[in-house]
Every structure is written in structure tokens, then in C-alpha cells.
Amino acid sequence: MERVVTGLLVLVGIIHLLPVSGVLGVERLAALYGLSLGEPNIEILMRHRAILFGILGLFMVYAAFQPSLQTLAIIAGLVSVVSFIAIAWSVGGYNESVRKVVIADIIATVALVAAGAIRVISRNQI
């Protein structure tokens, strides 16, 4: 079961690493999110967001192989994906590219809940 948790955390880490290419500039951000980012302040915020996703993604991949960090990674990942889903659903009206992010985050949520459940069940069997 440990390998399943590792695999699930690596999957979610990769999902979080996908937007890192947005740090390269407006063109990449536009391709990722289907947005026009003509305003410099939005570019700054979105590129910084890409860096933060990179940090979280790398942490999740690292934690996948460090059992002592897995609970923290699961919690951090859940905060990330559930908050994005909640914001997207509360605002609504998002485009197709953002819809794909919502779907990826739903997949990540299921993976993280499964990883958390496996960890809890595994601990209780000892």
C-alpha cells in the first residue's frame, strides 16, 4: 500500500508541476489558461503562481518518497486543489482551459483523499 500512496502523491505532484512553464512568460500563460494577460500586474501574479505551484509540486514528489512528510503533503495538496475548485465553482463562467484545470484538480482531490485513507487504514492495522 505504501507504493500506492507514493504513486498517488507523484501523480498529484506532476499535476502541480504542469503550470510551472507559465513562469516563462505571457505566451505560455495564455496557452495554459486561455487568457489574455495584457496587464503587467496580472502577469506578475500569474508567473509567481507558477513558481508556487512548482514548489508545491516538487514537495509532493519529494514527500512521496519520504513517509514522514506524506501527511503534510496530502494536507497541503488538498488545501490547494479544494480551494481552487471552490473558487472556480463560486465564481463560475470560466473558460475551457480553466475547466480542464478544475477537472485535473478533481482528479487530484480523489487521489489525495485515497492516499490519506490508505495511510490512515495502514496505521490502524499496525
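Residues numbered from 1 in each chain as written. Predicted model: local features only at pLDDT ≥ 70, side-chain atom pairs only at ≥ 80, totals over all residues. Heavy atoms only, no water.

Peer 1: How would you summarise the nonpolar core if you had to cite specific residues and measurements?
Peer 2: Ranked by size, the top nonpolar core spans 17 residues in total, and within it Leu9, Val12, Met60 and Leu112 carry the most contacts. At the level of elements, α1 (2-17), α3 (40-64), α4 (67-91) and α5 (96-124) are the ones that each hand at least two residues to this core. In this structure, Leu29, Tyr33, Leu37 and Val101 belong to the second largest nonpolar core, which totals five residues. (Core = buried A, V, L, I, M, F, W, Y, C linked by side-chain atoms within 4.5 Å. Buried < 20%, exposed > 50% of the residue type's maximum accessible area, 1.4 Å probe, protein only. Helix = DSSP H or I, 4+ residues; strand = E, 2+ residues; numbered from the N terminus.)

Peer 1: Residue-level account of the confidence of the model for the chain, with values.
Peer 2: Atomic detail in the predicted coordinates should be set aside for any region of low pLDDT. Taken residue by residue, the chain gives an average pLDDT of 93. The fraction at 70 or more is 99%. Mean pLDDT across the elements of the chain ranges from a minimum in helix α2 (residues 26-33), with 87, to a maximum in α4, with 97. (pLDDT = per-residue confidence, 0-100.)

Peer 1: Pulling in residues and values, what's your account of α1?
Peer 2: In an α-helix, one full turn covers 3.6 residues, which means residues spaced three or four apart are oriented alike. Under the 1.5 Å per step criterion, the end-to-end length of α1 is 22 Å for 16 residues, consistent within 8% with the ideal 22 Å. Those residues of α1 not exposed but buried are Val5, Thr6, Leu8, Leu9, Val12, Gly13, Ile15 and His16. The inward-facing, buried residues of α1 contact α3, α4 and α5. (Expected span 1.5 Å × (residues − 1). Contact = heavy atoms within 4.5 Å.)

Peer 1: Kindly report on the environment of Gly77, identifying the contributing residues and their values.
Peer 2: Here Gly77 is to be found in helix α4. Distance in space between the C-alpha atoms of Gly77 and Leu11 is 11 Å, their sequence separation being 66 residues. Ignoring sequence-local partners within four residues, the contact set of Gly77 consists of Met60 and Leu112.

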